[in-house]
Amino acid sequence: MKLLVTGGAGYVGSVTSRLLLDAGHEVVVLDNLRTGFREAVAPDATFVQADIADAGRVLTPDAGFDAVLHFAGLIAAGESMAKPELYWHENVVKSLALLDAVRAAKVPRVIFSSTAAVYGNPVELPITEAAVKAPTSTYGSTKLTFDLALTSETFAHGLAAVSLRYFNVAGAYITDEYEIGERHDPETHLIPITLQAAAGKRDKLQLFGDDYPTADGTCVRDYIHVEDLARAHLLALDATVAGEHRIYNLGNGNGFSNRQVVEAAREVTGAAIPVEIAPRRDGDPATLVASSDRARAELGWTPQKNTLQAMIGDAWTFYQKHVA
Ligand SMILES: NC(=O)c1ccc[n+]([C@@H]2O[C@H](COP(=O)([O-])OP(=O)(O)OC[C@H]3O[C@@H](n4cnc5c(N)ncnc54)[C@H](O)[C@@H]3O)[C@@H](O)[C@H]2O)c1
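Residues numbered from 1 in each chain as written. Predicted model: local features only at pLDDT ≥ 70, side-chain atom pairs only at ≥ 80, totals over all residues.

By the naming in an unreviewed UniProt entry, the chain goes by UDP-glucose 4-epimerase and is assigned to Actinoplanes aureus. The chain has a UniProt comment under Pathway (unreviewed entry) that states "Carbohydrate metabolism; galactose metabolism." In its Cofactor (unreviewed entry) section, the UniProt entry covering the chain states "NAD(+)". (UniProt positions renumbered as here; feature names shortened; annotations may be inferred.)

See the structure below:
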């Protein structure tokens, strides 16, 4: 297939581009490099430095794209509370412009990077796709809004759409040939922050709250290896159906506590990683764990690298060579 990958210079988009190319697809990456890195773009992809709002320049009716994989966007929930107008503009207004270009060019398929943040505080665990959607951040609201826009588009115009709702993405794609991983700045995700502490870039790691109703008192989150996540995109491409919007949660189904993450990182890195317990943060649910039964049943997806050791081990390999 001929594929447009928005956000292909970012973490998840660059790993997925690699797997798409290795599966024989043709990939055009469109990224404005706001948070991404030129060198993360797969060398055998065509790179267009542009904003998704201008995607019509690339998605012309005669360009012959078979699908758009839409990763581009802003991803920091905390920042989205301080600058909501930025998130509505970048994640919704510009994504709707991209959707206009998709429609004008008659591209038949869209795969969208949605998020667990659309669910907010869970009423029931594990979280299924049917769970109440009540985002607690502007970030989550913007992602849910574009999910809803995709649903309308499938009804009205016959688009085949898949939203993949990622839980916490971790790890790096490490092979003999490639090392592709996470370089967010500022970093807001627990595993890379833990690795910064292991590398001595921070003097300690703060954990927010140790009095939650969980086994060790710290928050429990569901982590998914970026390689497993990227593979789900290839399966989703094959599962698209005209006029349908399919939605899949992607997580391990196993939660890991913040303390378990630190313990695993100590094991992998051999570093002491001093920890300080800080007060709870507003709006942090005790436990967020996905049910990915639908993805397993309908996409045939099975996560292969579902241990913290695998995720942190690959993240550490990448961190030491490319970030530290
Ligand atoms: N990383 C996670 O844990 C996680 C979890 C759930 C969902 N997601 C979703 O996955 C997607 C990718 O996340 P990531 O971690 O790879 O983020 P990232 O910041 O590494 O990548 C995003 C990429 O999009 C590009 N971009 C942003 N706005 C753009 C615009 N207007 N036009 C063109 N390019 C633009 C950036 O330059 C960057 O390369 C996002 O949509 C995010 O909401 C990520």
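Having seen the model, we can carry on.
Asker: Just checking my understanding: could you explain the overall build of the chain for this structure?
Answerer: A tally of regular secondary structure across the chain gives nine helices and 15 strands. Computed over the C-alpha atoms, the radius of gyration of the chain is 19 Å, within 12% of the 20 Å expected from 2.2 N^0.38 for a compact globule of 324 residues. When the backbone C-alpha atoms are referred to their principal axes, the chain occupies close to 55 × 45 × 40 Å. Evaluated residue by residue, the chain yields a buried proportion of 48% over its 324 residues. Within the chain, contacts between residues separated by at least 24 positions form 79% of all contacts whose residues are at least 6 apart in sequence. (Helix = DSSP H or I, 4+ residues; strand = E, 2+ residues; numbered from the N terminus. Rg over C-alpha atoms; globule rule 2.2 N^0.38 Å. Buried ≥ 20, exposed ≤ 12 C-beta atoms within 10 Å, placed from the backbone. Contact = placed C-beta atoms within 7 Å.)

Asker: Would you mind going over the sheet that holds strand β12 (residues 245–250) with me for this structure?
Answerer: What links the strands of a sheet is backbone hydrogen bonding, and the strands pair in either a parallel or an antiparallel sense. On the basis of which strands lie adjacent, the open sheet formed by seven strands has the order β3-β2-β1-β4-β5-β6-β12 and parallel pairing. Looking at which strands have only one partner, the edges of the open sheet turn out to be β3 (46–49) and β12. Sheet twist, expressed as the average angle between the axes of neighbouring strands with direction ignored, equals 20°. Bridge analysis of strand β2 (residues 26–31) against β3 gives four bridges, and the strand direction is parallel. Bridge pairing in β3 links Val-28 to Thr-46. Seen against the sheet, helix α4 (residues 138–157) touches β5 (109–115), β6 (160–166) and β12 and runs at an angle of roughly 155° to β5. (Pairing = 2+ DSSP bridges. Axes fitted to C-alpha atoms, helices over the stretch in contact; angles between N-to-C directions.)

Asker: Help me understand the site of the ligand, please; the structure alone is not making it clear to me.
Answerer: As a matter of local geometry, the ligand sits amid 28 residues, with Gly-7, Gly-10, Tyr-11, Gly-36 and Ser-113 nearest to it. Broken down by secondary-structure element, the contributors of at least two residues to the shell around the ligand are α1 (11–22), α3 (84–104), β5 and β7 (168–170). Per-element tally for the shell around the ligand: the top contributor is α1, with three residues. Residues belonging to the shell around the ligand are distributed by class as follows: ten nonpolar, twelve polar and six charged. (Near = placed C-beta within 6 Å. Nonpolar A, V, L, I, M, F, W, Y, C, P; charged D, E, K, R; others polar.)

Asker: I would appreciate a short explanation of the packing of α1 against helix α6 (residues 226–238) in the present structure.
Answerer: Taken N-terminus to C-terminus, the directions of α1 and α6 make an angle of 60°; their axes are 9 Å apart at the nearest point. Classed by the angle they form, the pair α1 and α6 counts as oblique. At the point where α1 passes α6, the crossing takes the right-handed sense. Where α1 abuts α6, its residues Tyr-11, Val-12, Val-15, Thr-16, Leu-19 and Leu-20 lie against Val-226, Glu-227, Leu-229, Ala-230, Arg-231, His-233 and Leu-234. Counted by class, the contact of α1 with α6 contains nine nonpolar, two polar and two charged residues. (Parallel < 35°, antiparallel > 145°, perpendicular 65-115°, else oblique. Left-handed = near helix turned anticlockwise from the far one by under 90°.)

Asker: Looking at this model, I keep getting lost on the nonpolar core. Mind explaining?
Answerer: In this structure, Val-226, Leu-250 and Ala-315 are the most contacted members of the largest nonpolar core, which totals 96 residues. It is helix α9 (residues 308–323) that contributes the most residues to this core, seven residues altogether. Both domain 1 (2–170 + 225–250) and domain 2 (182–222 + 253–323) contribute no fewer than three residues apiece to this core. Setting aside its immediate chain neighbours within four residues, Ala-315 contacts Ala-170, Gly-171, Ala-172, Gly-181, Glu-182, Ile-191, Pro-192 and Leu-195. (Core = buried A, V, L, I, M, F, W, Y, C linked by C-beta atoms within 7 Å. Domains from an automatic or database assignment.)

Asker: I'm lost on the packing of helix α5 (residues 190–198) against α9 in this one. Help?
Answerer: At their nearest, the axes of α5 and α9 sit 10 Å apart, and the two run at 55° to each other. Between α5 and α9, the interaxial angle falls into the category oblique. The element α5 and its partner α9 pack so that their crossing is right-handed. Mapping the contact onto sequence places Ile-191, Pro-192 and Leu-195 in α5 and Met-311, Ile-312, Ala-315, Trp-316 and Tyr-319 in α9. When its residues are assigned to classes, the contact of α5 with α9 shows eight nonpolar, no polar and no charged.

Asker: Can you walk me through α4 in this structure?
Answerer: Because each turn of an α-helix spans 3.6 residues, side chains separated by three or four positions end up pointing in the same direction. Helix length check: α4 (20 residues) gives 28 Å between terminal C-alpha atoms against 28 Å at 1.5 Å per residue, within 8%. Taken together, the buried positions of α4 are Thr-138, Tyr-139, Gly-140, Ser-141, Thr-142, Lys-143, Leu-144, Phe-146, Leu-150 and Glu-153. Looking at the buried residues of α4, the elements they touch are α2 (77–82), α3, β5, β6 and β12. (Expected span 1.5 Å × (residues − 1).)

Asker: Help me understand the environment of Asn-121 in this model?
Answerer: Mapped onto the elements of the fold, Asn-121 is located in the loop between β5 and α4. On the basis of neighbour counts, which here come to 13 C-beta atoms within 10 Å, the residue Asn-121 falls in the partly exposed class. Along the backbone, Asn-121 and Phe-318 are 197 residues apart, and their C-alpha atoms lie at a distance of 32 Å. For Asn-121, the residues in contact, after removing those within four places along its chain, are Thr-136 and Pro-285.

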